[in-house]
Amino acid sequence: METHTKKGIHLNLFHRIFLFLIVFILFIFLQLAISAYQGKYIMDPIQKSSGNVQKISLLLNSLGQTRDVLSSYRWDFGDIAALVSELRRENQISEDSLGQIDTDIASIGVEQYLLVQAVNTTYNNYRTYLSAMQDQLLKNNIDKASTMYYSNLEPSLNYLYLYVQQLIERAIMDNQSAYDRLIRLNDDLDAVYGLTVLVMILFGFAAFKEVIRILTTVQEMARSSKAITAGDYDRPEISVHRKDEIGDMARAFNEMKKAMRNQVRLLTANNEMEKELHKKNTEALAMQNLLEREKLQLLRSQINPHFLFNTINVIKYTAQEEHAEETDALLSSLARLFRYVLADNEVQVPLSREIQIVDEYYSLYKARFKEKMSLYWDISPSLVLTETLVPSFFLQPLVENSFKHGLGPKESAGSVWLTLEEKDGILFVQVRDDGVGMKNEALEALHSRLLDSPVTGEHIGLYTVAARLKLLDARCSLKVSSEEGYGTTISIEMPLVLKKEEEEDDQDTDS
């Protein structure tokens, strides 16, 4: 019962990474919400309150300046034009400041609201007296203007100035109280923000640790694969302490290596026995022994891809059960590619099948290198892909050559363009990339090696395609052009063969 409970709460690799991602995203949104809340309910009210105090202060300064100008004016010989100009300028400042003072009782409180209403009422009287006095000044009625100032305008201005002083004092007191409260709230939010950052760091560390564990297992598998390729089957097995997909893959890899090692040892032992036996036989038996060894070598070369193909299918079904759609898609592409490679392909296959294999191969590259490598098709509308026959497995080596030797050494992103078109019974194929290109010496060496088509070394896929084209038809041609730093272009010309023509040729041969 206890074991069953532990299995029930165990999270596989996908669920753990998904959990890390969800928590990380949730805390990012929480931080954004805290920042938005601080901006809307803390910083904005502080700025609004401070701005309101600033507008009241500007109004008070303007009224004080007006009072100073009027109190110092000499009514018997003063400059009327200068006085009126100064009064109008200060009055405009007062009007603008008064119009921007906050009058919302919900935000400024009852006391400030009452003082604002008193200021507005007194200011209306003040503005009326000021306007009347300016009219008398402009009419050069100095005595009337002076009388109006001392009897009406000056008392109104003094009351207005007093109300504005009381208003700014109350605003400063309320502002200080609200500021202290908002700062305390902001400190609390900062503490919550810091806690979210700490949680994100902890989950980030856990995710980083998980990635390191995955990479460690993958590196061990890569080193073991290289050892197996070199014929070393005695390398220690990969240590597996995980119960997720990576652990399943490592265990499957260990089982695959064991099976390969046992099979190779068995085949090797049988081979040795056969050699000892055939040494004592006739020349015919020696030839028979040579044939058997060739069969054994062929079987040995098939063990690795067939076993790996079966293992890929096992992992693919596991990914389907765990709803790992992207992993399932990649494994499906790899399985179809392996099935095509291992199949006993015909000499000529439909062009649509070759295009499909290239797309499967590109999807695997795309999953690894993302946007670093891109593949673009340019197919002539006149080509009937399902009816046009081409040599099997001849497009993929060309694309792989461009990816590996053209775009692989390139630091920035690169692209491959594959063009298919037909004209006058000739099929034109062009594979062009914008990779690193080749120097003239390397290009000349490549042209020289294309003449004899070696079976080992770099560009072996390109040499194999060239050799197969020579055997297919003497009219086939393969050309390579390249410029260092600008990319490489592979151009192929071959007779256009349609499926109906191929079937007619077969019938003629049978008859």
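Look a little higher up for the structure.
Residues numbered from 1 in each chain as written. Predicted model: local features only at pLDDT ≥ 70, side-chain atom pairs only at ≥ 80, totals over all residues. Heavy atoms only, no water.

Student: Which residues make up the sheet that holds strand S8 (residues 497-498), and what values go with them?
Tutor: Strands sit in the order S1-S3-S8 across an open sheet of 3 strands; the sheet is antiparallel. Both outer strands of the open sheet, strand S1 (348-350) and S8, are each paired with one neighbouring strand and no more. Strand direction decides the pairing type here: S1 and strand S3 (residues 388-391), joined by 3 bridges, are antiparallel. Residue pairing across strands places Pro350 opposite Leu389, the latter belonging to S3. Of the strands in this sheet, S1 and S3 touch helix H10 (residues 351-369), which is tilted by about 75° from S1. (Pairing = 2+ DSSP bridges. Helix = DSSP H or I, 4+ residues; strand = E, 2+ residues; numbered from the N terminus. Contact = heavy atoms within 4.5 Å. Axes fitted to C-alpha atoms, helices over the stretch in contact; angles between N-to-C directions.)

Student: Describe the packing of aromatic side chains, listing the residues and the values that go with them.
Tutor: Going through the model one piece at a time under the given rule, you end up with 8 aromatic pairs. On the numbers, 5.1 Å between centres and 90° between planes, the contact of Tyr73 with Trp75 is edge-to-face. Here Trp75 falls in the buried class, since its relative accessible area comes to 11%. Both rings, one in Tyr376 and one in Trp417, keep their centres 6.1 Å apart while their planes meet at 25°; by these two values the pair is stacked. You can see Tyr376 sitting in strand S2 (residues 373-379) and its partner Trp417 sitting in strand S4 (residues 414-423), a full 41 residues away along the chain. Above the ring of Tyr161, the side-chain terminus of Arg67 is found at 4.0 Å from the ring centroid. (Phe/Tyr/Trp six-rings, centres within 6.5 Å; stacked < 30°, edge-to-face > 60°. Buried < 20%, exposed > 50% of the residue type's maximum accessible area, 1.4 Å probe, protein only. Lys NZ or Arg CZ within 6 Å of the ring centre and 35° of its normal.)

Student: Pulling in residues and values, what's your account of the packing of helix H3 (residues 80-100) against helix H5 (residues 110-138)?
Tutor: It is the contact of H3 with H5, at a shortest axis distance of 11 Å, that shows an interaxial angle of 160°. Viewed along their axes, H3 and H5 adopt a mutual orientation that is roughly antiparallel. In terms of crossing hand, the pair formed by H3 and H5 is left-handed. In this structure, H3 uses Ile80, Leu83, Val84, Leu87, Arg88, Asn91, Ser94, Glu95 and Leu98 to contact H5, whose residues at the interface are Val119, Asn120, Tyr123, Arg127, Leu130, Met133, Gln134, Leu137 and Leu138. (Parallel < 35°, antiparallel > 145°, perpendicular 65-115°, else oblique. Left-handed = near helix turned anticlockwise from the far one by under 90°.)

Student: Pulling in residues and values, what's your account of the pattern of salt bridges?
Tutor: For the structure on display, the rule yields 7 salt bridges. With a closest N to O distance of 3.9 Å, Lys410 and Asp434 form a salt bridge. With Lys410 in the loop between helix H11 (395-407) and S4 and Asp434 in the loop between strand S5 (426-433) and helix H12 (440-452), this pair connects stretches of sequence that are 24 residues apart. Note that Arg475 is salt-bridged to Asp473, the shortest N-O span being 3.0 Å. A relative accessible area of 61% places Arg475 in the exposed class. One connected set of salt bridges, linked through shared partners, spans Glu86, Arg89 and Glu90. (Salt bridge = Lys/Arg side-chain N within 4 Å of Asp/Glu carboxyl O.)

Student: Now, about the packing of H10 against H11: what can you tell me, with residues and values included?
Tutor: Packed helices, taken two at a time, are described by their axes: the angle between them and the distance between them. Following both chains from N to C, one finds H10 and H11 inclined at 30°, their axes separated by 9 Å at the closest point. Considering their axes alone, H10 and H11 lie roughly parallel with respect to each other. At the point where H10 passes H11, the crossing takes the right-handed sense. Each of Leu351, Glu354, Ile355, Ile357, Val358, Tyr361, Tyr362 and Tyr365 in H10 lies in contact with H11, whose residues at this interface are Leu395, Gln396, Val399, Glu400, Phe403 and Lys404. Looking at the contact of H10 with H11 residue by residue, the class counts come to 10 nonpolar, 1 polar and 3 charged. (Nonpolar A, V, L, I, M, F, W, Y, C, P; charged D, E, K, R; others polar.)

Student: Give me the sheet that holds S2: which residues, what numbers.
Tutor: The strands that make up a sheet are held in pairs by hydrogen bonds between backbone atoms, and each pair lies either parallel or antiparallel. Spatially, the 5 strands line up as an open sheet ordered S2-S4-S5-S7-S6, and their pairing is mixed. What marks the edges here is a single partner per strand, and that holds for S2 and strand S6 (477-483). Pairs of neighbouring strands in the sheet enclose a mean axial angle of 10°, with direction left out of account. Where S6 and strand S7 (residues 487-495) come together, 7 bridges link them in antiparallel fashion. Considered in S7, the bridge of Lys479 is made with Ser491. Contacting S2 and S4, H10 crosses the sheet at an angle of about 160° to S2. Sheet strands touched by helix H13 (residues 460-472): S6 and S7. Its angle to S6, the strand with the most contacts, is close to 150°.

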